[in-house]
Amino acid sequence: FSTYNDGTNTYGIHTLTANGTFTPLQSINIDALMVGGGGGGGNSDAGFTAGGGGGGAQVKYQSSIAVTAQNYSISIGAGGAAASDGSDTTAFSLTSEGGGNGSGSTALANTQVNSAGGGGRGHWQGSSMSGAAGTFNGGNGHTGNEYGGGGGGNGGNGVNATNGAGGNGGNG
């Protein structure tokens, strides 16, 4: 628990980085900022092709949530392992979705339904492979080299790979 003073008011800040419980002592209105787990990057296929970057997770802000003096379960979304989607963060009947996973060059990149970031896609035998769609799309692998596209972020598309470099992830 920490506090913040804006010069007029002092606010209490509860930060959870693991699953837990929030228990207010009285009925109050709160603001919540939640972030899902980012998608895992793609694996290399056949040991010589590039995997795409994982997609960024959804960031959700909700103000003036009315809570009462009771226990509220908070579930924090974990980042995805290689080639796996990130998990959702849930609290106060709200969900912030995890990002889609990146893929290897022969597998499809993924995006969770309505997730912020689509996973990037790798490269396969001279072919540019398309990244997954999300609110912001994953980047494409590059034709002619072994570089994968960047994953989509919460605020921007992933960048396509170029001849000599993998694509950057999209901005939050």
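Just above, that's the structure.
Parameters and conventions
- Residues numbered from 1 in each chain as written.
- Predicted model: local features only at pLDDT ≥ 70, side-chain atom pairs only at ≥ 80, totals over all residues.
- Heavy atoms only, no water.
- 1 Å grid on protein atoms, 1.4 Å probe; cavity = no way out; pocket = protein on both sides within 12 Å on 5 of 7 lines; lining within 4 Å.
- Points joined across faces, edges and corners; volume = space filled by probe spheres on them.
- Helix = DSSP H or I, 4+ residues; strand = E, 2+ residues; numbered from the N terminus.
- Nonpolar A, V, L, I, M, F, W, Y, C, P; charged D, E, K, R; others polar.
- Polar contact = N/O pair within 3.5 Å; in protein donor to acceptor, adjacent residues only side chain to side chain.
- Core = buried A, V, L, I, M, F, W, Y, C linked by side-chain atoms within 4.5 Å.
- Buried < 20%, exposed > 50% of the residue type's maximum accessible area, 1.4 Å probe, protein only.
- Contact = heavy atoms within 4.5 Å.
- Pairing = 2+ DSSP bridges.

Quick look at the layout of surface pockets
- Here the largest pocket defines a volume of roughly 740 Å³.
- As for the largest pocket, its lining consists of 20 residues, and the residues nearest its centre are I13, H14, D31, A32 and L33.
- Per-element tally for the lining of the largest pocket: the top contributor is strand 4 (residues 28-35), with eight residues.
- When grouped by side-chain class, the residues that make up the lining of the largest pocket number 14 nonpolar, five polar and one charged.

What about the environment of N19?
- Following the sequence through the fold, N19 ends up in the loop between strand 2 (10-13) and strand 3 (20-22).
- Linking N19 and S73, residues 54 residues apart in sequence, is a C-alpha distance of 7.9 Å.
- Among the polar contacts listed, one links the side chain of N19 to the backbone nitrogen of I76, at a separation of 2.7 Å.

Points about the nonpolar core
- Formed by F22, I30, A32, M34, I65, V67, Y72, I74, A91, F92 and L94, the largest nonpolar core amounts to 11 residues.
- Secondary-structure elements contributing two or more residues to this core are strand 4, strand 5 (59-67) and strand 6 (72-74).
- The dominant element in this core, judged by the number of residues it contributes, is strand 4, at three residues.
- Those residues within four positions of I74 in sequence are excluded, and the remaining contacts are L16, N19, G20, F22, T90, A91 and F92.

Details of the pairing of strand 1 (residues 2-5)
- Pairing of strand 1 with strand 2, which is carried by four bridges, proceeds in the antiparallel orientation. Counted as the bridge partner of T3 is G12 from strand 2.
- Between the end of strand 1 and the start of strand 2, which pair antiparallel, lie four residues, with G7 showing a positive phi angle near 100 degrees.

Structural notes on unusual backbone geometry
- Within the chain, S64 stands out as a residue other than glycine whose phi angle is a positive 55 degrees.
- Along the polypeptide, S64 turns up in strand 5.
- The phi angle at F92 is positive, at roughly 55 degrees, despite the residue not being glycine.

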